[in-house]
Amino acid sequence: MTEDFIIGAKLGELVDHMVTSYEEEDRAQHIDRMYLPSRTEIVQTVRDLLELLYPGFVGRQHLTKHNVAFHVGDLLPRIGESLFRQINMCLCYMQEVEKPGETSQNLCDQKARRLTPTFLEGIPAIRTMLAGDVQAAYDGDPAAMNFDEVILAYPGLLAISVHRMAHALYELDVPLMPRIMSEWAHAKTGIDIHPGANIGQHFFIDHGTGVVIGETTDIGNNVKIYQGVTLGALSFPKDERGRVIREAKRHPTVKDGVTIYANAIILGGETVIGENSVIGGSVFVTSTVPPNSVVTFKPPELRLKARGEGKPKPKPLDDVGDMPDYCI
Amino acid sequence: MTEDFIIGAKLGELVDHMVTSYEEEDRAQHIDRMYLPSRTEIVQTVRDLLELLYPGFVGRQHLTKHNVAFHVGDLLPRIGESLFRQINMCLCYMQEVEKPGETSQNLCDQKARRLTPTFLEGIPAIRTMLAGDVQAAYDGDPAAMNFDEVILAYPGLLAISVHRMAHALYELDVPLMPRIMSEWAHAKTGIDIHPGANIGQHFFIDHGTGVVIGETTDIGNNVKIYQGVTLGALSFPKDERGRVIREAKRHPTVKDGVTIYANAIILGGETVIGENSVIGGSVFVTSTVPPNSVVTFKPPELRLKARGEGKPKPKPLDDVGDMPDYCI
Amino acid sequence: MTEDFIIGAKLGELVDHMVTSYEEEDRAQHIDRMYLPSRTEIVQTVRDLLELLYPGFVGRQHLTKHNVAFHVGDLLPRIGESLFRQINMCLCYMQEVEKPGETSQNLCDQKARRLTPTFLEGIPAIRTMLAGDVQAAYDGDPAAMNFDEVILAYPGLLAISVHRMAHALYELDVPLMPRIMSEWAHAKTGIDIHPGANIGQHFFIDHGTGVVIGETTDIGNNVKIYQGVTLGALSFPKDERGRVIREAKRHPTVKDGVTIYANAIILGGETVIGENSVIGGSVFVTSTVPPNSVVTFKPPELRLKARGEGKPKPKPLDDVGDMPDYCI
């Protein structure tokens, strides 16, 4: 086939150039390095965990009370093994980054051996939280037929499901893996929740595309968020080397019962949205909002003109819509 | 391997806890229940239907007028069988939800047996609509090289293709399946169109990420929409139990020939965007717009300051940009 | 099985209708046509190229300086062959579109035979650019742990990686393929960068969902962009047939060192964002911005009311947040 000769004689030269590139530009290669988690295996583990969280919905169907224990007994060890492998790898990876050459495989082993069952023992509690999130979706979306539809179809639920697991691993100080999990959910749903974010019960993201929730965000119970909402950082406190201080609270606090409408942007580590408040769509907030408040913006004067006319004549606001009367 | 002992002796205990969790928290499990559609099979059916809609573009290539009938004759029964299975499952699922224990497999069978060919007989008409959508994309996007590029690459076209099929099933009162299809398209494209939305001919979504089109939206012909546009609901009319009345029209009406630019938010069941009107980017509309109008907002005063300076000095609008002069 | 009879006797009729639909509506079919690239093979080639760009991160792991040359020597010919096939197909496809029936397979062959190694020889230079992008992500995101996390998890990096390859093919005048690649990355990341866009070094998109960068955009070095940013077109210059002039510069120019915050919309081929300037979140710009400037908008008056109250009382701006003080 002519394709065989596409590279043909040039192959040796191309290979040399690539290898030289790897040697000279080493910021984006993983050669002669011992430890790196496998994104493929982590994603597969997430899928298996979703099957554990929502039995009968994905993977094995036709579960009954007679066979479910066997199903779980078959699924759990598989999950346990890949979790152990990847947690182990992430821990050793981190050790190697922090103290190159001093990594003790033994230490990673022991720690992973402890963390893996700890994480799995926490799954029932995560299930309880997620059932509350399913309830919140059903209560919060008129288009939701029932819980099953939410579980089968809602991207917001997929995002919070992955988040609660990633957050558990983040709290156990497992490096890298939580972020890989959350970015997988981000790719699937358009919802970007950093694993560090603390999120309370009965949490619902409707539609979801474009939502960004930062690492040090704190969200209370019964909070509802629409598409395009950003809970982000303002300026970043820096240390003496100019690097941002990661532990500093950079992202907002959202209290219980808050609703945040589409495209609102809320920024700052000191910004608190008070209990039961409503943040209107497209609002830009960088300062604390008291409880039981509704925040909207006075809409910019809308200008209406006939097509083909010159400059638009401003029309009185009444004619083209005031801010919605947010009745919750 | 040490992994074998990761869970090891704890397995029994972990399994018990999981099974107890399933029993105690039953809102998110599907055990001892008869009917649930398979998202996996539904997604595969959608992919096969896309092959039927756009022959030669995906799946089997090198089609000729001599072999295309055989190709279709091979593809259609496969699609028919999985459609039947899933429609059947969705119907029985719904019966079981509405009258637990009274589900008649026979009745679901008969209904699915009727609906499946009805749906398939509608495919040519859907193809005609979609060819118009391809045309609209080509006409509406300067970067479009030709129809083939639109079909091979445009997320907006994928979204409307899945929508027209999901909408057909929605109109046939098939539960669950339409939503599973549309959320799959949402994951692929970032475009969220509820299967209930009525959309006319020659419809084009450019770029698309972040578009949300609600269940009771009505869109006319020759409508063009850019990324981040929301056609959403305002307040939700509720019944005496406090549940939202789903049948009420909650989402806007967009008449023929309208163009809606990026990030515009249009809300409300009584909101009508009149024929041939243009809604500017980032505009927030909650009230009816007359035909042949251009709606922009008077841009907030932009403030310009030199970096390192104190508070910004407001600059006259002219210097940093008035609203674009939307010439269509 | 009853499914066998779902279509049963109707099959012949359904097939006839489908085939008739293909004949009558020919804008969305590829029958009796010679050339069409395979999106499946192109996507697989992109995945293989990502393995070449970031050795050890995806696909084959455990690379050492002893085995890496063999790994590359195995990967490169495979990539070369599918690249050649698809470039060849795209070239012939274009020839056929421009001069139906006059396509010379020989000419496509020769041209593809030349372009394929040219593209591959450019990979080391692309790697160097991408290492700079990895650096930019690490420098620009406080939540970034290190380079490896960026490579394993960041959607912005995936988007720019695919872009730099698609752009190289675009510059080599390969039709169709660059757009198929960039729309695949768009589906994965929510980031929509047209392959024609020129992007300088050390480029970072943080979060990314909703970013749109148009075909004739020019971006300098050290530019940082947040989610939801549009670099788009205003009006489209048209030729005498009413078709938009594609070569005209329709999209903005962004100079070195600029930062553009979330949801900003910047439009127009004559719009230049000057060096080291900062464009605030949600800003709408359609006119040139001088260097070393910070552009924010005077926030619309935010209105605060207690829930249950009547119309909101406007509150002084100070109480609910002025524009952030962008300190970079």
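Please read all numbers here as calculations on a predicted model, not as lab measurements.

Draft legend 1. View of the overall build of chain A. Along chain A, the regular secondary structure elements total 10 helices and 16 strands. Here chain A holds 328 residues, and the buried ones make up 61% of them. Looking at chain A alone, contacts between residues at least 24 apart form 46% of all its contacts between residues at least 6 apart. With the model as given, the accessible surface of chain A reaches about 12400 Å², and the carbon-plus-sulfur share is 51%.

Draft legend 2. Here's a closer look at the interface of chain C and chain B. Facing the 79 residues of chain C at the interface are 78 residues of chain B. Here C:Arg179 and B:Glu149 are joined by a salt bridge, their closest N and O atoms 4.0 Å apart. Inspection of the region where chain C meets chain B yields 14 residue pairs in polar contact (both at pLDDT 80 or more). Those elements that provide at least two residues to the side of chain C that touches chain B are helix H1 (4-7), helix H2 (11-24), helix H4 (68-98), helix H9 (177-189), strand E10 (265-267), strand E13 (284-285) and strand E14 (293-297) of chain C. The biggest single contributor to the side of chain C that touches chain B is H2(C), with 8 residues.

Draft legend 3. Molecular detail of the sheet that holds strand E5 (residues 218-219) of chain C. All names here are of chain C. The 4 strands lie next to each other as E2-E5-E8-E11, forming an open sheet whose pairing is parallel. Strand pairing shows two members of the sheet lacking a second neighbour, strand E2 (198-199) and strand E11 (272-273), which therefore form its edges. Bridge analysis of E5 against strand E8 (residues 253-254) gives 2 bridges, and the strand direction is parallel. Each residue of the ladder has a partner; that of Ile219, found in E8, is Val254.

Draft legend 4. Structural view of the sheet that holds strand E11 (residues 272-273) of chain A. The parallel open sheet is built from 4 strands, whose spatial order is E2-E5-E8-E11 (chain A). Edge strands, defined here as strands with exactly one partner in the open sheet, are strand E2 (198-199) and E11 of chain A.

Draft legend 5. Highlighting the interface of chain B and chain A. The interface is formed by 78 residues belonging to chain B together with 78 residues belonging to chain A. On the chain B side of the interface with chain A, the three residues burying the most area are B:Ile6, B:Arg27 and B:Phe284, jointly 11% of the side's total. The tally of links from chain B across to chain A stands at 2 salt bridges. Residue B:Lys10 pairs with A:Glu121 through a salt bridge whose shortest N-O separation is 3.0 Å. The tally of links from chain B across to chain A stands at 14 residue pairs in polar contact (both at pLDDT 80 or more). Of all elements in the fold, only helix H1 (4-7), helix H2 (11-24), helix H4 (68-98), helix H9 (177-189), strand E10 (265-267), strand E13 (284-285) and strand E14 (293-297) of chain B reach the threshold of two or more residues within the side of chain B that touches chain A.

Draft legend 6. A look at the domain arrangement of chain A. Residue and element names in this part refer to chain A. Each domain of chain A was delimited in the assignment, giving domain 1 (23-190) and domain 2 (197-328). Together domain 1 and domain 2 conceal approximately 1300 Å² of surface at their shared face, both sides included; 52% is due to carbon and sulfur atoms. Inspection of the region where domain 1 meets domain 2 yields 9 residue pairs in polar contact (both at pLDDT 80 or more). The set of elements that each furnish at least two residues to the side of domain 1 that touches domain 2 consists of helix H6 (123-140) and helix H8 (155-171). The leading source of residues in the side of domain 1 that touches domain 2 is H8, at 7 residues.

Draft legend 7. Structural view of the relation of the copies chain C and chain B. Mapping chain C onto chain B calls for a rotation angle of 120° and an axial translation of 0.0 Å; the resulting RMSD is 0.0 Å. These values place the two chain copies in the arrangement generated by a three-fold rotation axis.

Draft legend 8. The confidence of the model for chain A, seen in detail. All names here are of chain A. On average, residues of chain A carry a pLDDT of 87, and 88% of them reach 70 or more. Low confidence marks residues 311-328, where pLDDT is under 50. Its contacts with residues over four positions away, or in another chain, come to 55 contacts. ipTM for the predicted complex: 0.89, alongside a pTM of 0.91.

Draft legend 9. Here's a closer look at the environment of A:Tyr54. In this fold, A:Tyr54 is placed in the loop between helix H3 (39-53) and helix H4 (68-98). In this structure the C-alpha to C-alpha distance between A:Tyr54 and A:Tyr93, which are 39 residues apart in sequence, comes to 32 Å.

Draft legend 10. Fine view of the state of the cysteines. Residues and elements named next belong to chain A. Following the criterion strictly, the structure yields 3 disulfides over all chains and no others. The disulfide bridge from Cys92 ends at Cys108, spanning 2.2 Å between sulfur atoms. Given an S-S torsion of about 120°, the disulfide between Cys92 and Cys108 has right-handed geometry. Separated by 16 residues along the polypeptide, Cys92 in helix H4 and Cys108 in helix H5 (residues 105-121) bring together distant segments of the chain. Summarising the burial analysis for this pair, Cys92 and Cys108 share the class buried. Free of any disulfide, Cys90 has its nearest cysteine sulfur in Cys92, 10.0 Å distant.

Draft legend 11. Inspection of the pattern of salt bridges at higher detail. All chains considered together, the criterion is met by 27 salt bridges over all chains. Close ionic contact of A:Arg78 with A:Asp74 constitutes a salt bridge, the shortest N to O distance being 3.7 Å. Placement of both A:Arg78 and A:Asp74 in helix H4 is noted, with a separation of 4 residues, approximately one turn of the helix. Its relative accessible area of 49% is what places A:Asp74 among the partly exposed residues. Note that C:Glu25 and C:Arg27 form a salt bridge whose closest N and O atoms lie 3.0 Å from each other. When its relative accessible area of 24% is taken as the criterion, C:Arg27 is described as partly exposed.

Draft legend 12. Structural context of the packing of aromatic side chains. Residue and element names in this part refer to chain B. Applying the stated criterion to the full structure yields 6 aromatic pairs over all chains. For the pair Tyr138 and Phe147, a centre-to-centre distance of 5.4 Å together with 85° between the ring planes defines the contact as edge-to-face. Overall, the relative accessible area of 22% leaves Tyr138 in the partly exposed class.

Draft legend 13. Here's a closer look at the nonpolar core. Of all hydrophobic cores here, the largest spans 303 residues; its most connected members are A:Ile225, B:Ile225 and C:Ile225. Discounting chain neighbours no more than four positions away, the residues touching B:Ile225 are B:Phe203, B:Phe204, B:Ile205, B:Asp206, B:Val211, B:Ile213, B:Ile219, B:Leu231 and B:Ile260.

Draft legend 14. Here's a closer look at the packing of H3(A) against H6(A). Residues and elements named next belong to chain A. Running from amino to carboxyl end, H3 crosses H6 at an angle of 70°, the nearest separation of the two axes being 10 Å. Considering their axes alone, H3 and H6 lie roughly perpendicular with respect to each other. Counted together, Leu49, Leu52 and Leu53 of H3 and Ile123, Ile126, Arg127 and Leu130 of H6 form the full contact between these two elements. Considering only residue class, the contact of H3 with H6 consists of 6 nonpolar, no polar and 1 charged.

Draft legend 15. Seen up close, unusual backbone geometry. Even without being glycine, A:His207 reaches a positive phi, approximately 65°. Mapping A:His207 onto the fold places it in the loop between strand E3 (204-205) and strand E4 (212-213).

Draft legend 16. Inspection of H8(A) at higher detail. All names here are of chain A. In a regular helix each residue adds 1.5 Å, so 17 residues correspond to 24 Å; H8 covers 24 Å between its end C-alpha atoms and thus fits that length. Burial within H8 is extensive, with 13 of its 17 residues counted as buried. Just downstream of H8 lies Asp173, where phi reads positive at about 60°.

Draft legend 17. Spotlight on a positive patch on the surface. The grouping of A:Arg47, A:Lys188, B:Arg47, B:Lys188, C:Arg47 and C:Lys188 at the surface amounts to a positive patch. Secondary-structure assignment places B:Lys188 in helix H9. Classification of B:Lys188 as partly exposed rests on a relative accessible area of 33%.

Draft legend 18. Inspection of the packing of helix H6 (residues 123-140) of chain B against H2(C) at higher detail. One can describe the packing of H6(B) onto H2(C) by two numbers: an axis separation of 9 Å at closest approach and a directional angle of 15°. Regarding the angle of H6(B) to H2(C), the classification is roughly parallel. Here the hand of the crossing between H6(B) and H2(C) comes out right-handed. Contacts between H6(B) and H2(C) involve B:Ile123, B:Pro124 and B:Arg127 from the first element and C:His17, C:Met18, C:Ser21 and C:Tyr22 from the second. Per-class residue counts for the contact of H6(B) with H2(C) are 4 nonpolar, 2 polar and 1 charged.

Draft legend 19. Representation of the environment of B:Asn263. Topologically, B:Asn263 is positioned in the loop between strand E9 (259-260) and E10. By relative accessible area, B:Asn263 is classed as buried at 16%. Sequence separation of B:Asn263 and B:Leu76 is 187 residues, and the distance between their C-alpha atoms is 40 Å. Here B:Asn263 is in contact with A:Asn263, B:Gln227, B:Gly228, B:Val229, B:Ser282, B:Val283, C:Gly228, C:Asn263 and C:Ile265, once residues within four sequence places are set aside.

Draft legend 20. Focus on the side chain of A:Glu25. Positionally, A:Glu25 belongs in the loop between helix H2 (11-24) and H3. The buried category is assigned to A:Glu25, whose relative accessible area is 10%. Beyond its immediate stretch of four places on either side in the chain, A:Glu25 contacts C:Arg127, C:Thr128 and C:Ala131.

Reading the values: rules and limits
Numbers given for residues are sequential positions, taken from 1 along each chain in its written order. Here chains are named by letter from A upward and ligands by number from 1 upward, in the order in which they appear as written. Owing to the predicted nature of the model, reporting of local features is limited to residues with pLDDT of at least 70; listing and counting of side-chain atom pairs is limited to 80 or more, with chain, interface and lining totals taken over all residues. For side-chain calculations, the full set of non-hydrogen atoms in the structure is used, while hydrogens and water are omitted. Helix numbers and strand numbers start at the N terminus; a helix is a DSSP run of H or I with at least 4 residues, a strand a run of E with at least 2. Summary of the burial criterion: residues with accessible area below 20% of their type's maximum are buried, those above 50% are exposed, and those between are partly exposed, where the area comes from a 1.4 Å probe applied to protein chains only. Whether two residues touch is decided by their heavy atoms; if any such pair falls within 4.5 Å, the residues are in contact. Only the protein chains shown count as cover for residues, and all accessible areas are computed by the Shrake-Rupley method using a 1.4 Å probe. Basic side-chain nitrogens of Lys or Arg form a salt bridge, by our definition, when they fall within 4 Å of a carboxyl oxygen of Asp or Glu. The term polar contact refers here to a pair of N or O atoms within 3.5 Å; inside protein, the definition further demands a hydrogen-donor-capable atom paired with an acceptor-capable atom, and it admits residues adjacent in sequence only when both atoms are side-chain atoms. At least two bridges found by DSSP between two strands are what make those strands a pair. Note on definitions: buried area is the accessible-area loss of two parts on being combined, 1.4 Å probe, summed for both. What counts as a domain boundary in this text is fixed by an automatic or database domain assignment. When the copies are superposed, the least-squares fit takes in the C-alpha atoms of residues with a pLDDT of at least 70 in both. For every residue, the predictor reports its confidence as pLDDT, a number between 0 and 100. Pairs of cysteine sulfur atoms within 2.5 Å are what we label disulfides. Here is the rule: rings of Phe, Tyr and Trp (six-membered ring for Trp) pair when centre to centre is within 6.5 Å. Planes less than 30 degrees apart are stacked, more than 60 are edge-to-face, and the remainder are tilted. As used here, the term nonpolar core means buried Ala, Val, Leu, Ile, Met, Phe, Trp, Tyr and Cys residues forming a set that is joined through side-chain atoms within 4.5 Å. Orientation is described by axes fitted as lines to C-alpha atoms, over the contacting stretch for helices, and by angles from 0 to 180 degrees between their N-to-C directions. By definition in this entry, angles of less than 35 degrees are roughly parallel, angles greater than 145 are roughly antiparallel, angles of 65 to 115 are roughly perpendicular, and the rest are oblique. For this scheme, ten residues count as nonpolar: Ala, Val, Leu, Ile, Met, Phe, Trp, Tyr, Cys and Pro. Four count as charged, namely Asp, Glu, Lys and Arg, and the remainder, Gly too, count as polar. By this rule, a helix spans an expected 1.5 Å times one less than how many residues it contains. Only residues whose relative accessible area exceeds 30% and that form no salt bridge enter a patch; like-charged residues are grouped when within 9 Å of one another, and nonpolar side chains (Val, Leu, Ile, Met, Phe, Trp, Tyr) when within 5 Å. When charges are tallied, Lys and Arg are placed among the positive residues and Asp and Glu among the negative ones, while His and the ends of the chain are skipped. One atom stands in for each charge, and that atom is NZ of Lys, CZ of Arg, CG of Asp or CD of Glu. Handedness of a helix crossing follows the sense of rotation of the near helix relative to the far helix, less than a right angle counterclockwise being left-handed and clockwise being right-handed.

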